[in-house]
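# Architecture and fold: a report
Each chain, written out:
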Amino acid sequence: MLKLKASFGQQGNDAIGNNYAWQDQFTITGSDSGWADGTLYYKGNPDLSWETSTSYNIGVDFTLFNNRLSGTIEYFGRKSSDMLYYKPVAGSMGYTQIPMNIGSMTNSGIEIDLNYDIINRKNITWNVNLNATSVKNKINELHPDLKGRLIDGTRIYEEGESMYRLYLPEWAGVNPENGVAQYWAEDEDGNRIKTEDLNIANKYKVTTGDLLPDVYGGLGTSVNAFGFDASIQLAYQLGGEIRDYGYQMLMHNGYTSSAGRNWHTDIRDAWTPENRNTDVPRMSASDKYANSTSTRFMVSSDYLAINNITVGYTLPKHIVNKMGLSKVRVYFSGDNLGMLTARKGLDPRQGFTSASTATYTAIRTLSGGISLSF
């Protein structure tokens, strides 16, 4: 079987957080006896228009080898035009941001879904499945006022590049002489130098690569044999990076604002006069930049997660029929049983750019029961 499929559609949205975003808005104070002049609290943009999303895909569904192998291969894309965004502006203008249509962006990729029956007999079946998705992001165009580039805190947006990049000071390791954190900067001649002053390093930030994974998806297998059944479902991601914000917060150096906060066990490797060759700064509450945001906390976002394992047994029909039932199955199931990542405690599923300990990972659940059918 071979089936060709395709689709195309468009939709718009004005979701920028204000129902009257195209006009200036004011607050006024006073009463019936007199009102003060209005105070601008929202700067509108009369040139604002809806954001338009165009979605499209083309693919094939197929089966081969007497239906033992089935699957789908699909190319998809989504182009967003006239994207809505609050552009940061200087506060001296009387407001700090303005809504605008900043440009267009495209997400496109390939998705593959395969199922294969390794064994398909009367009393024994064994099936495996795999799906994989690869997505690329590209900023096609930015508003002319932005001159091809927009920097917003730790994020950087440039024409022709992915929006999933960070703009960060570059980590230069620990000064072995005193244990202070160092960052890369430049001298007056443009030569790279190390500095302990993050304010200087902030003038020489670097852009990370595209943080999106090369591929993500799931795989699993299920077996049924003589009434017994078992299945396992896994999820994976390969080829990306993420900022481990949770780890960053746990690697503080004891300053006042972190009072009561725990440490990661890596803090045991902090610099001391006897432990000079380390990448963990010294424990000194007077150091302001020991765990500041930088490329130091970028880490692989690869993971392999055990989403579910289920085992069960269905009683033979001749026994069940004597009980006046049509089916009896005893089962045990476990969800979110574990995950392998680059660092224990990191959950890359929390986002494409950063992960935090402030958000709990999916709860591990163990359950079992008896299913009766009459």
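Just so it is clear, the structure is predicted and the values come from calculations on it, not from any experiment. (Residues numbered from 1 in each chain as written. Predicted model: local features only at pLDDT ≥ 70, side-chain atom pairs only at ≥ 80, totals over all residues. Heavy atoms only, no water.)

### Thoughts on the overall build of the protein chain
To be explicit about the condition: Counting from the N terminus, the helices are DSSP H or I runs at least four residues long and the strands are E runs at least two residues long. Atoms counted for the radius of gyration: C-alpha only. Globule rule: 2.2 Å times the number of residues to the power 0.38. When a residue's accessible area, from a 1.4 Å probe over protein chains only, is under 20% of the maximum for its type it is buried; when over 50% it is exposed; and in between it is partly exposed. Throughout, a residue-residue contact means that at least one pair of heavy atoms, one from each residue, lies within 4.5 Å. Method for areas: the Shrake-Rupley scheme with a 1.4 Å probe, in which residue coverage is limited to the protein chains shown.
Helix and strand counts for the protein chain come out as three helices and 26 strands. Relative to a compact globule of 374 residues, whose C-alpha radius of gyration would be 21 Å, the protein chain shows 28 Å and is clearly more extended. Referenced to the eigenvectors of the C-alpha coordinate spread, the extents of the protein chain come out at roughly 85 × 65 × 55 Å. The buried share among the 374 residues of the protein chain stands at 35%. A separation of at least 24 residues holds for 62% of the contacts in the protein chain among residues at least 6 apart in sequence. Of the accessible surface of the protein chain, which amounts to about 21,900 Å², a share of 53% is contributed by carbon and sulfur atoms.

### What about the packing of aromatic side chains?
As a reminder of what qualifies: Planes of paired rings set the category: under 30 degrees apart is stacked, over 60 is edge-to-face and the rest tilted, where pairs are Phe, Tyr or Trp rings (Trp by its six-membered ring) whose centres lie within 6.5 Å. Criterion for a charge above a ring: Arg CZ or Lys NZ at most 6 Å from the ring centre, at most 35 degrees from the ring normal.
Taken as a whole and assessed by the stated rule, the structure comprises seven aromatic pairs. Between Trp171 and Tyr183 the ring centres are 5.5 Å apart and the planes differ by 75°, which places this aromatic pair in the edge-to-face class. Linking Trp171 in strand S15 (residues 171–174) with Tyr183 in strand S16 (residues 181–186), this pair joins segments that are 12 residues apart in sequence. Relative accessible area serves as the criterion here: at 16%, Trp171 is assigned to the buried category. Cation over ring: Arg192 sits above Trp184, and NZ or CZ is 4.2 Å from the ring centre.

### Quick look at the sheet that holds strand S10 (residues 103–120)
Sheet strands pair via backbone hydrogen bonds, and the direction of the pair is either parallel or antiparallel. Rule in force here: Here, strands pair whenever DSSP counts at least two bridges between them. Note on definitions: angles span 0 to 180 degrees between N-to-C directions of axes, and those axes are lines fitted to C-alpha atoms, for helices only across the stretch in contact.
Within the open sheet, the 10 strands sit side by side as S1-S6-S7-S10-S11-S19-S20-S23-S24-S26. Their pairing is antiparallel. Because the sheet does not close on itself, it has two edges, and the strands there are strand S1 (2–13) and strand S26 (365–373). Adjacent strand axes in the sheet meet at a mean angle of 10°, parallel and antiparallel pairs treated alike. Two elements, strand S23 (residues 303–314) and strand S24 (residues 327–341), share 11 bridges in a ladder whose sense is antiparallel. In the strand pairing of S24, Val311 is matched with Phe332.

### Topic: the sheet that holds S16
The strand order across the open sheet built from three strands is S15-S16-S17, with neighbouring strands paired in antiparallel fashion. The outermost strands of the open sheet, each flanked by one partner alone, are S15 and strand S17 (192–195). Strand after strand, the sheet turns through a mean of 35° between neighbouring axes, direction not considered. Here S16 runs beside S17; their pairing, made up of four bridges, is antiparallel.

### Remarks on the nonpolar core
Let me state the cut-off plainly: Here the nonpolar core consists of buried residues drawn from Ala, Val, Leu, Ile, Met, Phe, Trp, Tyr and Cys, with membership extended through side-chain atoms lying within 4.5 Å.
Residues Ile102, Tyr157 and Met163 are the most contacted members of the largest nonpolar core, which totals 13 residues. Those residues within four positions of Ile102 in sequence are excluded, and the remaining contacts are Met83, Tyr85, Glu141, Leu142, His143 and Leu146. Within the second largest apolar cluster, eight residues are counted, among which are Trp171, Val174, Ala181 and Leu198.

### Here we look at a nonpolar patch on the surface
Applicable threshold: Patch members must show over 30% relative accessible area and no salt bridge, and they are joined within 9 Å when carrying like charges or within 5 Å when they are nonpolar side chains of Val, Leu, Ile, Met, Phe, Trp or Tyr. The working definition used for a salt bridge is a side-chain nitrogen of Lys or Arg within 4 Å of a carboxyl oxygen of Asp or Glu.
A cluster of nonpolar side chains, Leu4, Ile58, Ile73, Tyr75, Ile110 and Ile112, forms an exposed patch at the surface whose accessible area comes to about 550 Å². Only strand S7 (69–81) and S10 provide two or more residues apiece to the nonpolar patch. The topology assignment puts Ile112 in strand S10.

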